[in-house]
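A closer look at the structure
In case you want the letters, here they are:
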Amino acid sequence: MEKIVINEEFIRLDNMMKFAGMCDTGGRAKYLIQNGEVKLNGEVCTMRGKKLRDKDVVEYNGQKVEIIAE
């Protein structure tokens with residue numbers, strides 16, 4: 001599982017997907033999220049603006065990313 005370190009309190013789901021390389025653009029991230037293709041902590045999440053915090057795990061297309069807040 002890949003880990004993404006953030007220096008803020010949170011990062012939005014669509015921004016994190018683009019930052020982590022799970023998709024190429026924010027528009028693509030929005031599409032994937034709203035289409036129900038992304039899981040947050042094991043549950044489908046369709047809110048692209050969902051705030052991710054420390055220890056949240058995002059899963060898409062077999063790739064898992066854990067958020068680590070510093």
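Now for a quick tour of the structure. In this text, all values refer to a predicted model and were calculated from it rather than measured experimentally. (Residues numbered from 1 in each chain as written. Predicted model: local features only at pLDDT ≥ 70, side-chain atom pairs only at ≥ 80, totals over all residues. Heavy atoms only, no water.)

**Things to note about the overall build of the protein chain**
Secondary structure assignment for the protein chain yields two helices and seven strands. Starting at the N terminus and walking to the C terminus, you meet the elements of the protein chain as β-β-α-α-β-β-β-β-β. On C-alpha atoms alone, the protein chain measures out to a radius of gyration of 11 Å, which is about the 11 Å that the 2.2 N^0.38 rule sets for 70 residues. Structurally, the protein chain occupies a C-alpha span of about 30 × 20 × 20 Å along its principal axes. Looking at the 70 residues of the protein chain, the share that counts as buried comes to 36%. Long-range contacts, defined as pairs at least 24 residues apart, comprise 47% of the intrachain contacts of the protein chain with a sequence gap of at least 6. For the protein chain, the accessible surface area stands at approximately 4,300 Å², while carbon and sulfur atoms represent 42% of it. For the protein chain, the centre of its 12 positive side-chain charges and the centre of its 12 negative side-chain charges are spaced 5 Å apart. (Helix = DSSP H or I, 4+ residues; strand = E, 2+ residues; numbered from the N terminus. Rg over C-alpha atoms; globule rule 2.2 N^0.38 Å. Buried < 20%, exposed > 50% of the residue type's maximum accessible area, 1.4 Å probe, protein only. Contact = heavy atoms within 4.5 Å. Areas by Shrake-Rupley, 256 points an atom, 1.4 Å probe, with all protein chains shown as cover. Lys, Arg positive; Asp, Glu negative; His and termini not counted. Charge placed at Lys NZ, Arg CZ, Asp CG, Glu CD.)

**Here's the deal with the side chain of Asp14**
Note that Asp14 resides in helix α1 (residues 13–19). For Asp14, a relative accessible area of 6% gives the class buried. If we ignore the near neighbours within four places in the chain, the residues touching Asp14 are Ala29, Ile33 and Arg48.

**Regarding the pairing of strand β6 (residues 57–60)**
Here strand β3 (residues 39–40) runs beside β6; their pairing, made up of two bridges, is antiparallel. What sits directly across from Lys39, in β6, is Glu59. As defined by bridge partners, β6 adjoins strand β7 (residues 63–69) across four bridges and the pair is classed as antiparallel. Bridge assignment links Val57 to a residue of β7, and that residue is Glu66. (Pairing = 2+ DSSP bridges.)

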